[in-house]
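Listed here are the chains, written in short residue letters.
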Amino acid sequence: MKFGIFYELQLPRPWSQDSEYRLYQNALSQLELADALGYDYAWEVEHHFLEEYSHSSAPEVFLAAASQRTKRIRLGHGIFQLTTNHPAKVAEKVSALDLISNGRVEFGMGESASVTELTPFKVRFQDKREIWEDAVRCLIPMFGDGGVEYHGPHFDFPLRNVLPKPRQKPHPPLWTACSQLPTIAYAGEKGLGALGFQFVSADAAHAWVHAYYNGITKRLDRLADYPTNPNIALVSMFMCAPTDEEARRKADGATFFQFCLRYYNSQDRARPAPGEVDMWVEYTKWKAANADQAERALSGGLIGSPETIRRKLRKFEASHIDQVILLNQAGRNTHQDICDSLELFAEEVMPEFHANIPEHEVWKADVMAGRTQLEEIDTQGFEDRYGAKALTV
């Protein structure tokens, strides 16, 4: 497996005048360290107006800065919102980043999952998938040479040459966000890399990996003319320390991340006015009232000693996951603890799984070529058992 790091740029209250400055500078230093340690990917989200949960509204700026402080790590949009950005501007920004990073961009595309973000841009929640698909059809041809025009239900674009063009040809690898289980199969059918959260069980992981690869090999129905990107990457909470107890103590941000994720990703929740809700205070109340649940949440991710994390990762590997994305910057997790965690994991855990990448690539090549046939597993039972949003961090 390969490994990425993931940034929401979380910033719990209280805030000082330089809180956001230190947040951004620390994150760039962490990314620079990850590059030196041999991590494969760095993923940055795009979110708007989600106080405390994410202060990452301009990922193209953050990733551009990271491109000048790193040499080899892949720089991923995880994701660029196609519902709140015009396709031409997205193509321009992705191409520019690809040029200044010397062709290291991974282009993740998504819809946004919150009315808090969509409503100010005059986007209705129920329309977001349709808008997203129209944006993909409009955007992808813009990476090619010469002019392009597009006339669709949501985007009407006159003949123009969208500049610059990306260094990677025909364009950076394409991914899509998978916040619900059915979208993993959807990503496969559309030929896109799947960016999701950790599965709730090993048998669910096995079933959905099969659904993804069977979709891409047997039911391919691309939205536009682009190369397929057969990859499944899963985000998991992460903190590596010499002992399980120390790792859990340092990873309190994991449960804050989950608390905020549930709070904002609810379609029917009334939205408070800016500054009206202190998320850290609300989280502290919830944790005090649900101590057992908070403790269980810490046991679900990749939080623990190198041996504990190694044991969990072997289950990911057995499911043929391509990449695990480690979410370390969450809540009030400290800069020093994040750096120490990245270093310990890179030294004691990562080499074993990097060594097995060639074997996994042979398996994937056989699946894509039809030499290995994957069983068609009915995934409905997992939705019935856990729910469509049964992905955990």
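Below, the structure is looked at part by part.

About the criteria used
- Residues numbered from 1 in each chain as written.
- Predicted model: local features only at pLDDT ≥ 70, side-chain atom pairs only at ≥ 80, totals over all residues.
- Heavy atoms only, no water.
- Salt bridge = Lys/Arg side-chain N within 4 Å of Asp/Glu carboxyl O.
- Helix = DSSP H or I, 4+ residues; strand = E, 2+ residues; numbered from the N terminus.
- Buried < 20%, exposed > 50% of the residue type's maximum accessible area, 1.4 Å probe, protein only.
- Lys, Arg positive; Asp, Glu negative; His and termini not counted.
- Polar contact = N/O pair within 3.5 Å; in protein donor to acceptor, adjacent residues only side chain to side chain.
- Contact = heavy atoms within 4.5 Å.
- Axes fitted to C-alpha atoms, helices over the stretch in contact; angles between N-to-C directions.
- Parallel < 35°, antiparallel > 145°, perpendicular 65-115°, else oblique.
- Nonpolar A, V, L, I, M, F, W, Y, C, P; charged D, E, K, R; others polar.

1. Considering the pattern of salt bridges
Right, on to step 1. Scanning the entire structure with this criterion turns up 25 salt bridges.
Right, on to step 2. Close ionic contact of Glu51 with Arg13 constitutes a salt bridge, the shortest N to O distance being 3.5 Å. Of this pair, Glu51 sits in the loop between β2 (41-44) and α2 (59-67) while Arg13 is found in the loop between β1 (2-7) and α1 (19-37), placing the two residues 38 residues apart along the sequence.
Right, on to step 3. For Arg13, a relative accessible area of 14% translates into the label buried.
Right, on to step 4. Residue Glu282 is joined to Lys285 by a salt bridge in which the shortest nitrogen-to-oxygen separation is 3.6 Å. With Glu282 and Lys285 both in helix α10 (residues 279-289) and three residues apart, the pair spans about one turn of that helix.
Right, on to step 5. Accessibility expressed as a relative area gives 34% for Glu282, which makes it partly exposed.
Right, on to step 6. Assessed through its relative accessible area of 51%, Lys285 is described here as exposed.
Right, on to step 7. Salt bridges sharing common partners tie together Glu189, Lys218, Arg219 and Glu376.

2. Re the side chain of Glu46
Right, on to step 1. Along the polypeptide, Glu46 turns up in the loop between β2 and α2.
Right, on to step 2. No salt bridge is formed by the buried Glu46; the nearest opposite charge belongs to Lys93, separated by 7.3 Å.
Right, on to step 3. Side-chain polar atoms of Glu46 contact the side chain of His48, separated by 2.7 Å.
Right, on to step 4. Ignoring sequence-local partners within four residues, the contact set of Glu46 consists of Ser56, Ser57, Pro59, Ile79, Phe80, Gln81, Thr84, Asn85 and Glu117.

3. Structural notes on the packing of α1 against helix α13 (residues 335-348)
Right, on to step 1. Their axes nearest at 10 Å, the elements α1 and α13 cross at an angle of 10°. As summarised for this structure, α1 and α13 are arranged roughly parallel, according to the angle between their axes. Across from Asn26, Ser29, Gln30, Leu33 and Leu37 in α1, the residues of α13 making contact are His335, Ile338, Cys339, Leu342, Glu343 and Ala346.
Right, on to step 2. For the contact of α1 with α13, the residue count by class is six nonpolar, four polar and one charged.

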